[in-house]
Amino acid sequence: VDARRARLTEVVERCAGRAWALARGLGLDAASAQDVVQQAFVVLARKPERLDPPGDPWPFVAGVVAGEARNALRKRRPATGLLRDD
């Protein structure tokens with residue numbers, strides 16, 4: 001448990017800035033980007049085995065951030081109905 005917590009801390013320290021920049025680059029404002037990065041690290045904390053392989057964790061982190069950003073953007077988009085009222 002301690003080793004996984006240490007690995008997660010290392011990943012957060014190494015990737016947080018890049019994760020925020022990625023979220024901003026995907027169209028989120030600063031506050032939403034921060035929320036997305038936090039949520040991405042919650043997801044990573046729930047799947048610590050994905051951080052076990054040595055090496056650069058950025059590709060995995062970037063994928064999680066991109067997915068969370070898509071979810072955030074989807075929630076902000078107004079719903080469009082399939083049926084029209086003509």
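Provided above is the structure to which this section pertains.
Being a predicted model, the structure only gives us computed values, none of them experimental. Residue numbers restart at each chain and count upward from 1, following the sequence in its written direction. Totals for whole chains, interfaces and linings use all residues, but because this is a predicted model, local features are given only for residues with pLDDT of at least 70 and pairs of side-chain atoms are given and counted only at 80 or more. Here the side-chain values reflect all heavy atoms present in the structure, with hydrogen atoms and water set aside.

Concerning helix 2 (residues 30–46)
(1) Moving on: Its 17 residues place the ends of helix 2 25 Å apart at the C-alpha level, agreeing with the 24 Å of an ideal helix rising 1.5 Å per residue.
(2) Moving on: Remark: exposure states derive from per-residue accessible area (1.4 Å probe, protein chains only) relative to the maximum for the residue type, with buried under 20%, exposed over 50%, and partly exposed in between. Put simply, DSSP H or I for four residues or longer makes a helix, DSSP E for two residues or longer makes a strand, and each gets a number counted from the N terminus. Every buried residue belonging to helix 2 is among S32, A33, V36, V37, A40, F41, V43 and L44, and all of these are buried.
(3) Moving on: We call two residues in contact when some of their heavy atoms are within 4.5 Å. Residues of helix 2 that are buried in the fold lie against helix 1 (2–25) and helix 3 (58–76).
(4) Moving on: The term polar contact refers here to a pair of N or O atoms within 3.5 Å; inside protein, the definition further demands a hydrogen-donor-capable atom paired with an acceptor-capable atom, and it admits residues adjacent in sequence only when both atoms are side-chain atoms. At the N-terminal boundary of helix 2, the capping side chain belongs to D29, with an oxygen 3.1 Å from the backbone nitrogen of A31. The span one expects for a helix is its residue count, reduced by one, times 1.5 Å.

Brief notes about the nonpolar core
(1) Moving on: Ranked by size, the top nonpolar core spans 19 residues in total, and within it F41, V61 and V65 carry the most contacts.
(2) Moving on: The set of elements that each furnish at least two residues to this core consists of helix 1, helix 2 and helix 3.
(3) Moving on: Considering each element in turn, this core owes the most residues, 7 residues, to helix 2. The term nonpolar core refers to a set of buried residues drawn from Ala, Val, Leu, Ile, Met, Phe, Trp, Tyr and Cys, joined through side-chain atoms within 4.5 Å.

A short note on helix 1
Since there are 3.6 residues in each turn of an α-helix, residues three or four apart along the chain are aligned in direction.
(1) Moving on: Counted at 1.5 Å a residue, the expected span for helix 1 with its 24 residues is 34 Å, and the 34 Å between its end C-alpha atoms agrees.
(2) Moving on: Where helix 1 bends most, the angle comes to about 50°, and this point is C15.
(3) Moving on: Taken residue by residue, helix 1 has R7, V11, C15, A19 and A23 as its buried positions.
(4) Moving on: Those residues of helix 1 that are buried lie in contact with helix 2 and helix 3. Note on bend: at a given residue it equals the angle between the axes fitted to the 7 residues ending there and to the 7 starting there.

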